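Per-entry structural report
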Amino acid sequence: EVQLVESGGGLIQPGGSLRLSCAASGFTFSTYPMTWVRQAPGKGLEWLSYISGSSSTIYYADSVKGRFTISRDNAKNSLYLQMNSLRAEDTAIYYCARVSTILTVDLDYWGQGILVTVSS
Amino acid sequence: QSVLTQPPSASETPGQRVTISCSGSSSNIGSNYVYWYQDLPGTAPKLLIYKNAQRPSGVPDRFSGSKSGTSASLAISGLRSEDEADYYCAAWDDSLSGLLFGGGTKLTVL
């Protein structure tokens, strides 16, 4: 069974940093691209970043480019999102999601999400 | 403001059919696949449609997707109360090199 479990969220002050982790199981992690998506309270879904299975291809949304860094450790079956210079508008539930194939970007499995609150 | 435009809300009575539209441009819907997600309160989003019109296993055939030019639509037939949710379209944008989500459509089953 495919499972994605996020961790590392919480309350952080504006300007601070946080590192989210996503532990994957039930599939061959290294062969799948992965993404991070967030949803601010009462708002819609916002794609943040994409990383290929080998980490050779990475994309970011303009809203987080230069502040957030996606990475993965295939030996640990883990995906990460390093978030720096956090702002109030980064407050959201953050989801990691698996991309079903390298040729498409359908997100077929999602974690349960982790809440990040940026507030003083 | 999302580059993929969806109506903010839709409603229909049980048993009826509803269609949700998603309008984009040549750099996203016009040249890439469209995906649809269902977002129920308190749960992670669920993939409903991939590659414009394909359903993952387990998704009822009441849900169908289509695409024409720079627009796409999701149709739900035989509406049930449990279909009440937010629905999002998504597509890769070649100009932005990123995945776009529509603003979402809140479906109410009256």
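Refer to the structure printed above.
Here the structure is a predicted model, which means the values were calculated and not measured. (Residues numbered from 1 in each chain as written. Chains lettered and ligands numbered in written order. Predicted model: local features only at pLDDT ≥ 70, side-chain atom pairs only at ≥ 80, totals over all residues. Heavy atoms only, no water.)

1. A short note on the overall build of chain B
To keep it simple, the criterion reads: Put simply, DSSP H or I for four residues or longer makes a helix, DSSP E for two residues or longer makes a strand, and each gets a number counted from the N terminus. All radius of gyration figures rest on C-alpha atoms, and the globule criterion is 2.2 Å times the number of residues raised to 0.38. Contact criterion: two residues are considered in contact whenever any of their non-hydrogen atoms come within 4.5 Å of each other. Each accessible area is a Shrake-Rupley result for a 1.4 Å probe, and residues are judged covered by the shown protein chains and nothing else. As used throughout, the charge tally considers Lys and Arg to be positive and Asp and Glu to be negative, leaving His and the chain termini uncounted. For this purpose, a charge sits on NZ of Lys, CZ of Arg, CG of Asp or CD of Glu.
Scanning chain B for helices and strands turns up zero helices and nine strands. For chain B, the sequential pattern of α-helices and β-strands runs β-β-β-β-β-β-β-β-β. Relative to the compact-globule value of 13 Å for 110 residues, chain B shows a C-alpha radius of gyration of 13 Å, a close match. The principal-axis extents of the C-alpha atoms in chain B amount to approximately 40 × 30 × 25 Å. By sequence separation, contacts in chain B at least 24 residues apart represent 58% of the contacts at least 6 residues apart. Per element, the accessible surface of chain B, about 5,000 Å² overall, is 45% carbon and sulfur. With 8 positive and 9 negative side-chain charges, chain B shows a separation of 7 Å between the mean positions of the two kinds.

2. Some details on the pattern of salt bridges
The cut-off we apply is this: One side-chain nitrogen of Lys or Arg within 4 Å of one carboxyl oxygen of Asp or Glu is enough to make a salt bridge. When accessible area is computed with a 1.4 Å probe and restricted to protein chains, residues below 20% of their type maximum are described as buried, those above 50% as exposed, and intermediate ones as partly exposed.
Tallied over the entire structure, the rule returns seven salt bridges over all chains. Between Arg38(A) and Asp90(A) there is a salt bridge, and its shortest N-O distance comes to 2.9 Å. Linking Arg38(A) in strand 4 (residues 34–39) with Asp90(A) in the loop between strand 8 (78–83) and strand 9 (92–99), this pair joins segments that are 52 residues apart in sequence. Comparing Arg38(A) with Asp90(A), the two get one shared label, buried. Between Arg62(B) and Asp83(B) there is a salt bridge whose closest N-O contact spans 2.8 Å. Of this pair, Arg62(B) sits in the loop between strand 4 (46–49) and strand 5 (63–68) while Asp83(B) sits in the loop between strand 6 (71–76) and strand 7 (85–93), placing them 21 residues apart in sequence. The exposure class of Asp83(B) is buried, given its relative accessible area of 2%. One network of salt bridges, with partners in common, ties together Arg38(A), Glu46(A), Arg67(A) and Asp90(A).

3. Some remarks on the packing of aromatic side chains
The criterion, for reference: Two rings from Phe, Tyr or Trp (for Trp, the six-membered ring) form a pair when their centres are within 6.5 Å of each other. A pair whose planes differ by under 30 degrees is stacked, one over 60 is edge-to-face, and the rest are tilted. Any Lys NZ or Arg CZ that is within 6 Å of a ring centre and within 35 degrees of that ring's normal is treated as a charge sitting over the ring.
The full count for this structure, using the stated rule, is nine aromatic pairs over all chains. Plain terms: the ring middles of Tyr50(A) and Trp92(B) are 6.2 Å apart, the flat faces sit at 65° to each other, and that makes the pair edge-to-face. Within this pair, whereas Tyr50(A) is found in strand 5 (residues 45–51), its partner Trp92(B) is found in strand 7, the two belonging to separate chains. Ring-pair connections join several aromatic residues into one group, and the members of that group are Trp47(A), Tyr50(A), Tyr59(A) and Trp92(B). In this arrangement the basic side chain of Arg72(A) is found over the ring face of Phe29(A), its NZ or CZ atom lying 4.2 Å from the centre.

4. Thoughts on the interface of chain A and chain B
The condition is simple: The term buried area refers to how much accessible surface (probe radius 1.4 Å) is lost by two components on association, counted for both of them together. Any residue that is not Ala, Val, Leu, Ile, Met, Phe, Trp, Tyr, Cys, Pro, Asp, Glu, Lys or Arg is counted as polar, Gly included; the first ten are nonpolar and the last four charged.
Contact with chain A, which involves 16 residues of that partner, is made by 17 residues of chain B. Of the roughly 1,500 Å² buried where chain A meets chain B, counting both sides, 71% is carbon and sulfur surface. Broken down residue by residue, the surface that chain A buries against chain B is led by Leu45(A), Trp47(A) and Val105(A), which jointly contribute 38%. Here chain A and chain B share zero salt bridges between them. Of all the secondary-structure elements, those providing two or more residues to the side of chain A that touches chain B are strand 4, strand 5 and strand 10 (107–110) of chain A. When its residues are assigned to classes, the side of chain A that touches chain B shows eight nonpolar, four polar and four charged.

5. Some remarks on the nonpolar core
The nonpolar side chains of a soluble globular protein tend to be buried with one another. All names here are of chain A. Counted only if it meets this: Here, the term nonpolar core denotes a set of buried Ala, Val, Leu, Ile, Met, Phe, Trp, Tyr and Cys residues that are joined through side-chain atoms within 4.5 Å.
Core analysis: the largest hydrophobic core is formed by 27 residues, its most contacted members being Leu20, Trp36, Phe68, Leu79, Leu81, Met83 and Tyr94. Contributing elements (two or more residues each) for this core: strand 3 (18–25), strand 4, strand 5, strand 7 (68–73), strand 8, strand 9 and strand 11 (114–118). When residues of this core are assigned to their parent elements, the largest contribution, four residues, is made by strand 3. Not counting the four nearest positions on each side in its chain, Leu81 is found in contact with Leu18, Arg19, Leu20, Trp36, Leu48, Phe68, Thr69, Ile70 and Tyr94.

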